[in-house]
Amino acid sequence: MSKSKSGLLFLWLSAVAFCLDLLTKYFVVSHFELYESIQILPIFNLTYVRNYGAAFSFLADHSGWQKSFFILLAIGISAILTVFLAKNKASQRLQNTAYALIIGGALANMTDRAYHGFVVDFFDFYWQQWHYPVFNVADIAICIGAALLAIDAIKNNEKKTEKAK
């Protein structure tokens, strides 16, 4: 009787997202002054900023309790998603990839927050005077993971609809 492999095999992707994020943040902190910006393209700068909140600086203006809150939230979400990976089969590639990317991104931003007290952001996309909120590699991993979960949900819903016919 062979035991099927679990989704935990995808944790290597979490490690890649985690390391890539921290390496890019280290580069930015080592080579840029706060708010220093270098234009790469007419719509893209590398700009060193600090985010004391979460996505779009959510809760950044509070007295500091949000740091502990976001650290605990990242640990909790990562633990839950790791359990989901353990319960999933390795063949559930889309869902496992999504979970792994979210785990890697969440833990990278959590590490940054625990070490610095803020998250280092540096990807600055803009059009004329409008700037999209500055973000980092961990944010990209989390967003791709969320998009993959949405795609997986749509695909699974379509399969259920086909079986019901």
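Residues numbered from 1 in each chain as written. Predicted model: local features only at pLDDT ≥ 70, side-chain atom pairs only at ≥ 80, totals over all residues. Heavy atoms only, no water.

Chain-level statistics for the chain give a pLDDT mean of 90 and a share of 87% at 70 or above. No element of the chain has a lower mean pLDDT than helix 4 (residues 137–164), which averages 88, and none a higher one than helix 1 (residues 11–31), which averages 98. (pLDDT = per-residue confidence, 0-100. Helix = DSSP H or I, 4+ residues; strand = E, 2+ residues; numbered from the N terminus.)

Where nonpolar side chains cluster on the molecular surface, the patch consists of I38, I40, L41, I43, F125, W127, W130 and Y132 and spans about 810 Å² of accessible area. Of all the secondary structure elements, the ones that give two or more residues to the nonpolar patch are strand 1 (37–41) and strand 3 (119–127). Top contributing element to the nonpolar patch by residue count: strand 1, with 3 residues. Inspection of the secondary structure assignment puts Y132 in the loop between strand 4 (130–131) and helix 4. Judged by relative accessible area, which is 36%, Y132 ranks as partly exposed. (Patch = residues over 30% accessible without salt bridge, like charges linked within 9 Å, V, L, I, M, F, W, Y side chains within 5 Å. Areas by Shrake-Rupley, 256 points an atom, 1.4 Å probe, with all protein chains shown as cover. Salt bridge = Lys/Arg side-chain N within 4 Å of Asp/Glu carboxyl O. Buried < 20%, exposed > 50% of the residue type's maximum accessible area, 1.4 Å probe, protein only.)

Residues V28, F32, F44, L46, Y48, F118, V120, F122, F123, F135 and V137 constitute the largest nonpolar core, which totals 11 residues. Listed by contribution, the elements that provide at least two residues to this core are strand 2 (44–51) and strand 3. With sequence-adjacent residues up to four places away left out, F122 is seen in contact with T24, K25, V28, N45, L46, T47, V134, F135, N136 and V137. Formed by 8 residues, the second largest nonpolar core is a distinct cluster that contains F10, A17, L101 and L148. (Core = buried A, V, L, I, M, F, W, Y, C linked by side-chain atoms within 4.5 Å. Contact = heavy atoms within 4.5 Å.)

Quick look at the packing of aromatic side chains now. Here the structure, examined in full by the defined rule, presents 10 aromatic pairs. Each residue in the set F44, F122, F123, F125, W130, Y132 and F135 is aromatic and connected to the rest through ring pairs, giving one cluster. (Phe/Tyr/Trp six-rings, centres within 6.5 Å; stacked < 30°, edge-to-face > 60°.)

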